[in-house]
Amino acid sequence: MKKIATLLAGSALAAAALTAPTLTAPAQAAAFSPAPCAAGTVTPVGGTYLGCAGGFTGNDSNQQTAVMAALQSLSTSLGLPNGWTYDSDHKSDASGNGLFTSNPGGTSGTLTFDGPMQQIFAIALKAGNFYSLYVFDGGITGITSITYNTLGVAQKPNGASPGLSHASYYAVPEPLTLLGTAAALGLGAVMRRRTEEA
């Protein structure tokens with residue numbers, strides 16, 4: 001009799017377990033993934049926005065080979081000069097905010113420069129573990145600030161984007177700067193030759 005009661009109790013527990021609602025762990029939040037750079041908005045005050053590349057996974061600051069390759073490719077497609085340079089002191093999260101007045105940090109905001117940025121330059125917007133590159137022409141008068149959002153860097157399926165980690169400034173020497181450097185080197189060689197002859 002005890003055996004039958006135990007079997008019945010065990011069967012009742014098993015049946016209850018099968019018909020009870022299943023408890024599941026809460027669904028994990030969807031992760032960010034790279035977004036096409038054109039999905040974001042970057043608007044310069046003064047000057048012209050020329051084009052973009054990205055989003056890329058990682059941090060532009062420690063992936064300079066990949067960043068330079070992307071900038072070279074973008075420059076070629078836009079018919080711009082190449083020879084991009086980077087200085088880690090020119091980031092918005094560097095000491096003193098680099099070439100910027102602050103490091104905004106939000107999903108949208110304004111990046112203001114310490115002074116007008118002239119000629120061709122690029123900005124990397126890094127948000128979460130992603131970045132995109134944006135190229136501008138400041139012309140002669142220069143670009144004083146850029147309003148941005150990070151929708152062109154990374155997004156979740158629901159359209160949310162991460163806050164800005166930092167902006168990095170990339171420059172390309174202007175042809176006249178290169179010509180001036182070559183002229184100075186040539187003049188130096190001539191002067192050295194004259195000094196050696198004397």
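These notes cover the structure that comes with them. (Residues numbered from 1 in each chain as written. Predicted model: local features only at pLDDT ≥ 70, side-chain atom pairs only at ≥ 80, totals over all residues. Heavy atoms only, no water.)

Ranked by size, the top nonpolar core spans 23 residues in total, and within it F113, F121, I123 and L125 carry the most contacts. Sorting the residues of this core by element identifies β5 (108-117), β6 (120-127), β7 (130-137), β8 (143-149) and β10 (164-171) as the ones contributing at least two each. For this core, the leading source of residues is β6, giving four residues. Setting aside anything within four residues of it in sequence, one finds F113 in contact with L99, F100, T101, F121, I123, I143, T144, S145, I146 and Y169. Counting residues in hydrophobic clusters, the runner-up holds 16 residues, among them V67, M68, W84 and Y131. (Core = buried A, V, L, I, M, F, W, Y, C linked by side-chain atoms within 4.5 Å. Buried < 20%, exposed > 50% of the residue type's maximum accessible area, 1.4 Å probe, protein only. Helix = DSSP H or I, 4+ residues; strand = E, 2+ residues; numbered from the N terminus. Contact = heavy atoms within 4.5 Å.)

Attention now goes to the sheet that holds β7. Ordered by their spatial adjacency, five strands build an open sheet running β3-β7-β6-β10-β4, and the pairing between neighbours is antiparallel. Two strands bound the open sheet, and with one partner strand each, they are β3 (48-57) and β4 (85-86). (Pairing = 2+ DSSP bridges.)

This paragraph deals with the state of the cysteines. Enumeration over the complete set of coordinates arrives at one disulfide. Across the disulfide from C37 sits C52; the S-S distance is 2.1 Å. The S-S bond linking C37 to C52 shows a torsion near 70°; that makes this disulfide right-handed. Separated by 15 residues along the polypeptide, C37 in the loop between β1 (33-34) and β2 (42-45) and C52 in strand β3 bring together distant segments of the chain. Like C37, the residue C52 is buried in the burial classification. (Disulfide = S-S within 2.5 Å.)

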